[in-house]
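Residues per chain, in single letters:
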Amino acid sequence: MRRALCAVILLAAPLRAQQPSPIHGFPADQIAAQTRRETLARAVPSRDTLRALVRLLSAVPHEAGTERSRHVAEVLLARFRALGLDAHIEQFEALMPRPVSRTLELAGPEPFTASLKEPPLPQDPTSGQADQLPTFNAYAPDGDVTAELVYVNYGRPDDYRVLDSLGISVRGKIVIARYGQSWRGIKPKVAAEHGAIGCIIYSDPKDDGYFVGDVYPTGPMRAASGVQRGSVMDMPTYPGDPESPGWASLPGGRRLTQAEAVTLVKIPVLPIGYEDALPLLRTLGGPVAPESWRGALPITYHLGPGTAQAHLALSFEWRTRPLYDVIATVRGAVWPDQWVIYGNHHDAWVNGAEDPISGQAALGETARAVAALLKTGWRPARTIVFAAWDGEEWGLLGSTEWAEAHADELRTKAVVYYNSDTNDAGWLNAAGSHSLEQFVTEVARDVTDPRTGKSVLQANRDHARSERAPKDTSSDTTFALEALGSGSDYTAFLDHVGTASVNLGYGGASHSGIYHSIYDSYTFYERFLDTGYVYGVTEAQTTATAILRMADAPLLPFEFRAPARTYRKYADEIARLAAGNDTTKGLDVAAVRSALDRLDTAAVAYERASAALTGVKDVARRRAALGAVNRLLAASEQALADSAGLPRRPWFRHLVYAPGAYTGYGVKTIPGIREAVELRHVAEAQAEAARVAAALTRYAELVQRAAAALALALR
């Protein structure tokens with residue numbers, strides 16, 4: 001679903017020449033054997049196999065809720081079983097409306113009817129296939145509206161403040177917004193809140209079309225008729241089936257009515273290409289748009305309204321449809337009730353070679369690497385779970401329903417959730433729980449970047465240095481894992497269940513404009529993205545390394561100095577934000593700072609205790625004691641959650657990470673306090689500060705208990 005992952009900033013100190021390198025969670029006498037296993041696993045992923053998988057799995061359109069999606073799931077199931085893994089399909093269901101009719105036209109002196117179609121290209125064999133899902137926004141309501149148009153830039157709350165300052169109202173109007181700068185579902189949400197009766201979202205060539213580079217098929221950018229499909233469900237309220245928030249949607253189970261499903265959009269909304277947008281924008285009068293609002297179409301951008309009225313009419317077949325999650329398991333030999341989970345979705349809006357098949361193929365190669373080790377007689381200490389999710393594009397449907405179905409079991413057994421989605425050429429992008437920052441650093445240190453021959457860590461460091469402004473004197477010696485908002489299948493695990501999570505993938509070396517279009521094809525991927533599938537190999541090597549380490553580490557490789565440091569930065573940001581306006585300048589975050597002080601102390605104690613593991617020679621004798629420590633570590637992320645959830649969106653339980661209510665994918669850290677301050681709700685901000693302080697105190701106390709238990713276990 002997500003076009004670009006949250007970036008990871010990998011800036012590491014020069015690596016010491018040390019063989020083998022230390023691996024957090026392993027005593028020194030086990031590192032050589034672990035390194036050999038990882039080396040064997042990293043040798044398995046194959047460019048040829050990846051190419052074949054991408055071609056096979058993107059051969060036909062396979063959107064969720066169809067027999068074609070089921071066929072892809074069955075292909076994946078057969079492949080997992082052929083590798084010797086215990087695999088099955090878990091079926092759920094969800095409301096998934098499909099378009100019946102779509103009309104967009106202009107009335108007036110120069111009538112115009114939008115084509116609403118992406119034409120096939122002779123250079124792209126799959127672009128003319130039957131059964132392509134039409135261009136639409138999932139969960140837009142039925143509607144038939146006629147009104148004047150107003151241009152609202154990217155349709156963010158800040159854009160409406162600009163319109164207000166200019167005396168331009170969208171009440172009773174249809175807004176036209178360009179894609180970008182915020183998640184698409186925010187655009188109709190904010191438009192409706194301002195009284196608009198319809199929303200059109202178009203792709204401007206300045207953002208991903210001819211302004212950036214040559215358009216497809218000559219180059220990789222979006223052509224005039226290219227359209228970005230996508231869901232506009234209000235996922236910052238809750239993802240998953242709109243009619244079963246917080247519980248699994250099983251056939252015959254309890255469901256809300258559509259009227260009760262608060263994540264459904266209130267006004268009709270439709271995506272179009274810039275070929276269809278140009279005649280609409282040409283009719284607009286009113287003030288000239290601010291310079292930053294102007295795209296790259298050959299017009300003067302006006303805000304409106306204009307001389308013509310737009311007519312937008314949509315109808316859908318509203319029906320519950322099936323979801324097919326493929327789950328493959330390797331049972332752990334020592335701690336089978338501790339789960340290391342890795343997932344990537346398999347459904348696409350159309351063929352989806354990049355999104356999601358590039359990531360799904362890499363997951364398949366990761367599974368093949370694990371299967372190859374199994375043939376040597378190795379068994380993981382912990383259980384490994386591979387998941388191919390369905391329905392991600394519609395609103396994280398398959399992963400959310402599975403996580404809700406298994407929520408109690410996950411809170412007891414899940415150790416970590418790894419997620420991937422799209423994968424292209426470039427640099428490692430990673431974001432997630434900060435207790436895994438050192439872990440991801442070490443994984444990146446030990447995987448080779450195919451372009452430079454250096455470590456992935458060093459390649460990211462070099463890239464980050466080249467991207468910094470010449471006057472930037474910031475240190476090279478830190479590593480920062482970015483925080484997770486939403487936009488892919490980690491959301492239910494981190495934000496609802498409270499499982500430590502990391503989102504991993506490569507990209508950034510090139511731009512493209514085929515996201516969620518019929519041109520996201522095998523042909524396009526081969527020409528413009530990971531052309532040699534070398535970064536698909538690197539992705540599989542990275543996730544295989546991460547899985548093996550987390551599955552076999554005698555001590556789970558969590559650390560807590562990074563959370564303490566990072567959460568303090570978040571608290572400082574909020575304090576400055578609150579001090580910046582008269583309404584909230586009295587916000588008292590002393591309790592939060594006090595809890596962070598306790599976390600600092602606990603993190604230092606844990607680091608001191610875990611350092612002793614290096615010299616331990618008889619880990620097997622201490623297995624029971626280490627198991628007790630590991631249970632505390634696995635539960636640590638849950639300490640940062642609160643069952644009451646966030647204000648106005650209780651499904652989101654994590655008090656440190658969440659998507660913003662008006663950012664969609666973008667993260668709001670310590671969201672309860674931060675958003676209350678932004679809304680200038682003083683009492684709510686103070687109440688949320690107390691809840692966050694309590695959560696951080698729980699977290700610190702758990703880390704302190706783990707430190708004491710570990711020190712005792714390693715005596």
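Everything numeric in this text was worked out from a predicted model, so none of it was measured.

### A closer look at the overall build of the chain
Point 1. Looking only at helices and strands, the chain has 21 helices and 18 strands in total.
Point 2. Its C-alpha atoms give the chain a radius of gyration of 25 Å, near enough to 27 Å, the size a compact globule of 715 residues would have.
Point 3. Put simply, the chain has 715 residues, and 63% of those count as buried.
Point 4. Sequence separation of at least 24 residues holds for 81% of the intrachain contacts in the chain that already meet a minimum separation of 6.
Point 5. In the form shown here, the chain has an accessible surface area of approximately 25000 Å², with 53% of it arising from carbon and sulfur atoms.
Point 6. Separation between the mean location of the 74 positive side-chain charges and that of the 80 negative ones in the chain comes to 6 Å.

### A closer look at the sheet that holds strand β16 (residues 426-432)
Point 1. With respect to topology, 7 strands assemble into an open sheet ordered β2-β12-β14-β13-β15-β18-β16, the strand pairing being mixed. The open sheet has two free edges, formed respectively by β2 (86-95) and β16, since each of these has just one partner strand. Taking the axes of each pair of neighbouring strands and ignoring which way they run, one obtains an average angle of 20 degrees across the sheet.
Point 2. Note: strand β12 (residues 320-330) against strand β14 (residues 382-389), 5 bridges, orientation antiparallel. In the sheet register, Val330 faces β14, and the bridge partner there is Ile384.
Point 3. Across the sheet, helix α8 (residues 353-374) lies against β12, β13 (335-345) and β14, angled at about 150 degrees from β13, the strand it touches most.
Point 4. This element, helix α13 (residues 456-467), spans β16 and β18 (501-508) of the sheet and lies at about 100 degrees to β16.

### Here's the deal with the environment of Leu77
Point 1. For Leu77, the position within the fold is in helix α3 (residues 67-82).
Point 2. Contact partners of Leu77, with chain neighbours within four places excluded, come to Ala87, His88, Ile89 and Val326.

### Brief notes about the packing of aromatic side chains
For any two aromatic rings, the description comes down to two numbers: the centre-to-centre distance and the angle of the planes.
Point 1. Following the criterion strictly, the structure yields 29 aromatic pairs and no others.
Point 2. Both rings, one in Phe316 and one in Trp318, keep their centres 6.1 Å apart while their planes meet at 70 degrees; by these two values the pair is edge-to-face.
Point 3. Judged by relative accessible area, Phe316 falls into the buried class, the value being 9%.
Point 4. On the accessibility criterion, Trp318 (23% relative accessible area) is partly exposed.
Point 5. Ring centres of Tyr567 and Tyr699 lie 6.3 Å apart, and the angle between their planes is 40 degrees; on these two criteria the pair is classed as tilted.

The rules behind each value
Note on numbering: residues in each chain are counted from 1, in written sequence order. Given that this is a predicted model, residues contribute local features only at a pLDDT of at least 70 and side-chain atom pairs are listed and counted only at 80 or more, while totals for whole chains, interfaces and linings are drawn from all residues. Values reported for side chains reflect all heavy atoms of the structure, with hydrogen atoms and water molecules removed beforehand. Secondary structure counts use DSSP, requiring at least four H or I residues in a row for a helix and at least two E residues in a row for a strand, with both numbered from the N terminus. Only C-alpha atoms enter the radius of gyration, while the globule expectation follows 2.2 Å times N to the 0.38, with N the number of residues. Accessibility here uses a 1.4 Å probe with only protein chains present; expressed as a share of the type maximum, an area under 20% marks a residue as buried, one over 50% as exposed, and anything in between as partly exposed. In what follows, residue pairs with any heavy atoms lying within 4.5 Å of each other are defined as contacts. Computed with the Shrake-Rupley method and a 1.4 Å probe, the accessible areas treat only the protein chains shown as cover for residues. Only four residue types enter the charge count: Lys and Arg as positive, Asp and Glu as negative, with His and the chain ends excluded. Taken as the charge centre is NZ of Lys, CZ of Arg, CG of Asp or CD of Glu, depending on the residue. Here, a strand pair is defined by DSSP locating no fewer than two bridges between the strands. Between N-to-C directions, angles cover 0 to 180 degrees, with each direction set by a line fitted to C-alpha atoms, over the stretch in contact for helices. By convention, a stacked pair of Phe, Tyr or Trp rings (six-membered ring in the case of Trp) has centres within 6.5 Å and planes under 30 degrees apart, an edge-to-face pair has planes over 60 apart, and any other such pair is tilted.

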